[in-house]
Amino acid sequence: MDEMKAKPGGQLSEAAQSELMEMCENQFSQLEKLQNEILLCQPDFCQNPQEQYVNRLRATKAELKHLLTVEPKLLASNSEVLLQAGKDEMLKLCSELEMVSSCYEAKRDKLRETKELELKWLEEKKQALMAAKEHVEQLQSEKKNLTEHSVLQDTKVKIQKMKLYQERLMECLGDILETHIPHPHNGSTVNKKKKNMIPEESEEDLVSVSDILELLMNKSLTSPHDPYVTIDNTFWPPYIEMLLRYGIAVRHQESNFKIRLETFY
């Protein structure tokens, strides 16, 4: 009622305002009368509390039954007051509906983004499943066409590839050794000051580093239980010292004249 009293302002006519004020005063006077009656009504503390609750419940049910039978009355008989009250309620309802609409629009946009992400994820999973099915079908077709002869041929091809790969590795190793670690007699011709370190009659008998490495590798493969190679005059000492220092070869624990290839696995 306070809202109806405050809102009309200059929107209602003087007659409508006076009628609304009179109606508000009547309602307030009736409210004060009811409040005074409630205050004067003192509960009887001598009675049983449970009986008081039962009586109060019966009175409330009777009042509810009476209110359901009573027809609702208009707030005012003046159509101008009713029109203004209806406008205010409609504006309030429109504002609340706009808030609800904005919330649902935000929720809809969020659900739309989630839907797009889920569809994208589903498409990726479908593509992955399709690729897996194609791979399985390919393996099954290869398994059906697989025979003993084809397996043998495939193994031969793989062995041939490994041999070619080994030959290329050995060639690269030989080129590196020849470039950076030349044969002793070739290096002695370049540097005449160091020529006296190697006797002239034994230059041709010295073994190159590539030959030493090949000998060590063959010994490890042919006799893994005894992979040691005996050092003689054909092994140039600087080469042996280099292999030992860089961890390529290992000396025998009991004999300094035996070395083997280091285990790299």
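Residues numbered from 1 in each chain as written. Predicted model: local features only at pLDDT ≥ 70, side-chain atom pairs only at ≥ 80, totals over all residues. Heavy atoms only, no water.

1. Some points on the overall build of the protein chain
A tally of helices and strands in the protein chain yields eight helices and three strands. Along the protein chain, helices and strands appear, N-terminal first, in the series α-α-α-α-α-α-α-β-α-β-β. Across the protein chain, the fraction of contacts at a sequence separation of at least 24, relative to all contacts at a separation of at least 6, is 55%. Roughly 22,800 Å² of accessible area belongs to the protein chain as shown, and the carbon and sulfur atoms make up 57% of that amount. (Helix = DSSP H or I, 4+ residues; strand = E, 2+ residues; numbered from the N terminus. Contact = heavy atoms within 4.5 Å. Areas by Shrake-Rupley, 256 points an atom, 1.4 Å probe, with all protein chains shown as cover.)

2. Observations concerning the nonpolar core
Core analysis: the biggest nonpolar cluster contains 17 residues, and I212, L216, F235 and I240 have the highest contact counts within it. Secondary-structure elements contributing two or more residues to this core are α7 (209-222), α8 (237-245) and β3 (258-261). Looking at this core, the element that brings in the most residues is α7, giving four residues. Excluding its chain neighbours within four sequence positions, the residues that come into contact with I240 are I212, I231, F235 and I259. Core analysis: the second largest hydrophobic core is formed by five residues, A16, L20, C24 and V81 among them. (Core = buried A, V, L, I, M, F, W, Y, C linked by side-chain atoms within 4.5 Å. Buried < 20%, exposed > 50% of the residue type's maximum accessible area, 1.4 Å probe, protein only.)

3. Looking at the packing of aromatic side chains
Within the structure shown, the criterion is met by one aromatic pair. When the centroid spacing of 4.9 Å and the interplanar angle of 85° are considered together, the rings of W236 and Y239 count as edge-to-face. For the pair shown, W236 and Y239 are each scored as buried. (Phe/Tyr/Trp six-rings, centres within 6.5 Å; stacked < 30°, edge-to-face > 60°.)

4. Concerning the pairing of β3
Relative to β3, strand β1 (residues 229-230) runs antiparallel, the two sharing two bridges. Across the sheet, residue T230 finds its bridge partner in β3, namely K258. Sheet topology note: the strand β2 (residues 249-251)/β3 ladder contains three bridges and is antiparallel. Residue pairing for β3: R251 is matched across the bridge by I259. In sequence, β2 turns back onto β3 through a hairpin of six residues. (Pairing = 2+ DSSP bridges.)

5. Thoughts on the pattern of salt bridges
The full count for this structure, using the stated rule, is three salt bridges. In this structure, D109 engages R108 in a salt bridge whose closest nitrogen and oxygen atoms are separated by 3.7 Å. (Salt bridge = Lys/Arg side-chain N within 4 Å of Asp/Glu carboxyl O.)

6. With respect to a nonpolar patch on the surface
On the surface, M90, L93 and L97 cluster together to form a nonpolar patch covering roughly 290 Å² of accessible area. As for its placement among the helices and strands, M90 is situated in helix α4 (residues 79-145). (Patch = residues over 30% accessible without salt bridge, like charges linked within 9 Å, V, L, I, M, F, W, Y side chains within 5 Å.)

7. Looking at the sheet that holds β3
Hydrogen bonding along the main chain pairs the strands of a sheet, whether they run parallel or antiparallel. Pairing in this open sheet of three strands is antiparallel, and the strands run β1-β3-β2 from one edge to the other. One side of each edge strand has no neighbouring strand; the edge strands of this open sheet are β1 and β2. Lying over the sheet, α7 contacts β1, β2 and β3, oriented at roughly 80° with respect to β3. Its contacts with the sheet place α8 against β2 and β3, and it is angled at close to 100° to β2. (Axes fitted to C-alpha atoms, helices over the stretch in contact; angles between N-to-C directions.)

8. Considerations on the confidence of the model for the protein chain
Here the protein chain averages 80 in pLDDT, while 83% of its residues score no lower than 70. The element-level mean pLDDT for the protein chain is lowest in helix α1 (residues 2-6), coming to 42, with β2 highest at 93. Throughout residues 188-201 the model reports pLDDT below 50, and contacts reaching past four residues in sequence, or to other chains, amount to seven contacts. (pLDDT = per-residue confidence, 0-100.)

9. Here we look at the side chain of R260
Here R260 shows up in strand β3. It is E262 that comes nearest to the buried, bridge-free R260 among opposite-charge side chains, at 4.2 Å. A distance of 3.2 Å separates the side chain of R260 from the side chain of Y228, its partner in a polar contact. Apart from the residues within four sequence positions on either side, R260 is in contact with L216, P227, Y228, I248, A249 and V250. (Lys, Arg positive; Asp, Glu negative; His and termini not counted. Polar contact = N/O pair within 3.5 Å; in protein donor to acceptor, adjacent residues only side chain to side chain.)

10. Observations regarding the environment of L261
Residue placement: L261 occurs in strand β3. Among the residues examined, L261 registers a relative accessible area of 18% and is labelled buried. Along the chain, L261 and L244 lie 17 residues apart, while their C-alpha atoms are 9.6 Å from each other. Excluding its chain neighbours within four sequence positions, the residues that come into contact with L261 are L216, M217, S220 and I248.

11. With respect to helix α2 (residues 14-40)
For α2, spanning 27 residues, the distance from its first C-alpha to its last is 39 Å, which sits close to the expected 39 Å at 1.5 Å a residue. For α2, every residue scored as buried is listed here: A16, L20, M23 and C24. (Expected span 1.5 Å × (residues − 1).)

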